[in-house]
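Tertiary structure, described
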Amino acid sequence: MGSVTEGAQWDACVAAGGCGDRPYDQGWGRENRPVFNVSWNDAQEYVTWLSRETGRTYRLLSESEWEYAGRAGTDTRYSWGDEFDESLANNGGRTVPVGSYPANAFGLHDMHGNVWEWTEDCWNGSYAGAPDDGSAWLSGDGGNCYFRVSRGGSWHGDPGFLRSASREPGYWGNDTGLRVARTLTP
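Below is a summary of the structure that appears in this document. (Residues numbered from 1 in each chain as written. Predicted model: local features only at pLDDT ≥ 70, side-chain atom pairs only at ≥ 80, totals over all residues. Heavy atoms only, no water.)

A short note on the state of the cysteines
- Under the criterion given, the structure shown has two disulfides.
- With a sulfur-sulfur separation of 2.0 Å, Cys-13 is cross-linked through a disulfide to Cys-19. In this structure the cystine formed by Cys-13 and Cys-19 twists about its S-S bond by roughly 85°; its chirality is therefore right-handed. Cys-19 matches Cys-13 in its accessibility class, with the two residues each being buried.
- What pairs with Cys-122 in a disulfide is Cys-145, and their sulfur atoms sit 1.9 Å apart. Disulfide Cys-122-Cys-145: torsion about the S-S bond near -105°, hence left-handed. Separated by 23 residues along the polypeptide, Cys-122 in strand E3 (residues 116–122) and Cys-145 in the loop between E3 and strand E4 (148–151) bring together distant segments of the chain. (Disulfide = S-S within 2.5 Å. Buried < 20%, exposed > 50% of the residue type's maximum accessible area, 1.4 Å probe, protein only. Helix = DSSP H or I, 4+ residues; strand = E, 2+ residues; numbered from the N terminus.)

Below is the structure:
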């Protein structure tokens, strides 16, 4: 479950007419760096295109799926332990190519750092009342869904934001991208 969408993958969506625009890459390069400067709606456009192109169902992870994947079987602050280790996650200066840091115990790269990742969930200030089956929470604080949740932290910010439990109301920006999951059917 879950791979970071790279710039080259996004560019294929744009070239095929499935995604509206090619997000600005700050001059850092695209190819195998995570795509960023994408809104939640842009992310939805991408997973719709990817699903159509492959004949398989792709989507954003729910917030609880993201945390499960990010923790990789641990209950520590980060998937590797309780202390931040700059050799294990990108938290400085700019994005780096996907997979530049070691994978977690589930084999997933960049769960901590590089770019914040959109989830399917609406923002709620706490987990009280969240679905208990791993599905996305599709109503937000006050009954609306004005903000969506992003997870994982980014190259731009305090290492505390890279914790497995860290969550933010998502904003479009130069440190926000996406991770996709494929729905498996029995």
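Topic: the pairing of strand E6 (residues 176–182)
- With six of its seven residues buried, E6 lies for the most part within the structure.
- Sheet topology note: the strand E1 (residues 3–4)/E6 ladder contains two bridges and is antiparallel. Paired with Val-4 across the bridge in E6 is Arg-179.
- In this sheet, E6 lies alongside strand E2 (residues 58–60) in antiparallel orientation, the contact comprising three bridges. By the bridge assignment for E6, Arg-59 is matched with Ala-181.
- With three bridges connecting them, E3 and E6 associate as parallel partners. Considered in E6, the bridge of Trp-116 is made with Thr-176. (Pairing = 2+ DSSP bridges.)

Any functional reading would require information that these geometric values do not contain.
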